[in-house]
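Geometric and topological summary
One-letter residues, chain by chain:
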Amino acid sequence: CIHAEDMMGALKADPLMFEVAVEYAQAYHRALLEAKPPLALSPTDLLIEMTSPSEIVAWMPWEARVVFGEACLRHLRKESWRISPGQVELLQTELKQGRCTLVMQSLGKVE
């Protein structure tokens, strides 16, 4: 469980993370506004389409997507048995060129 006060304290201590959190919140808000017919089913109290973490990050500006992607690349470099260094470097090039978006899913899976 994360308390709002603790989260705000952590974000205030790191200006880059604060900026990324603001971008994420703004992207989430835009996704909520778009999550209606004909683009998606009408939102319910159980499901709001177009609001998965990967979809929210895709709505964010390129600079913020790079921050998420760099964190994913650091994780991939630690898991060298899953992906070769050359593949990680290729992903880094694509990320910086805006040709891909990387997001960490649950259990450390990079998508």
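Attention in this report is confined to the structure presented alongside it. (Residues numbered from 1 in each chain as written. Predicted model: local features only at pLDDT ≥ 70, side-chain atom pairs only at ≥ 80, totals over all residues. Heavy atoms only, no water.)

1. Examining the environment of V88
Relative to the helices and strands, V88 is located in helix α5 (residues 85–96). Spatially, the C-alpha atom of V88 lies 7.0 Å from that of R77, the residues being 11 residues apart in sequence. In this structure V88 touches L73, L76, R77 and I83, once residues within four positions along its chain are discounted. (Helix = DSSP H or I, 4+ residues; strand = E, 2+ residues; numbered from the N terminus. Contact = heavy atoms within 4.5 Å.)

2. Concerning the pattern of salt bridges
Counting across every chain of the model gives three salt bridges. Put simply, K96 and E70 hold a salt bridge, and the shortest N to O gap is 3.9 Å. Residue K96 is located in helix α5, and its partner E70 is located in helix α4 (residues 62–78); the two are separated by 26 residues in the primary sequence. E70 gets classed as buried once you look at its relative accessible area, which sits at 18%. Ionic pairing is found between R77 and E89, a salt bridge with its closest N-O pair at 3.5 Å. Pair noted here: R77 is in helix α4 and E89 is in helix α5, with a separation of 12 residues, a long-range link. According to the relative accessible area criterion, R77 is partly exposed, its value standing at 37%. Judged by relative accessible area, which is 39%, E89 ranks as partly exposed. (Salt bridge = Lys/Arg side-chain N within 4 Å of Asp/Glu carboxyl O. Buried < 20%, exposed > 50% of the residue type's maximum accessible area, 1.4 Å probe, protein only.)

3. Some details on the packing of helix α2 (residues 15–34) against α4
Two elements in contact, α2 and α4, have axes separated by 10 Å at closest approach and are oriented at 115°. For the pair α2 and α4, the sense of crossing is left-handed. Residues L16, V20, E23 and Y24 of α2 touch α4, and the partners they reach there are A64, V67 and F68. Grouping the amino acids of the contact of α2 with α4 by side-chain chemistry returns six nonpolar, no polar and one charged. (Axes fitted to C-alpha atoms, helices over the stretch in contact; angles between N-to-C directions. Left-handed = near helix turned anticlockwise from the far one by under 90°. Nonpolar A, V, L, I, M, F, W, Y, C, P; charged D, E, K, R; others polar.)

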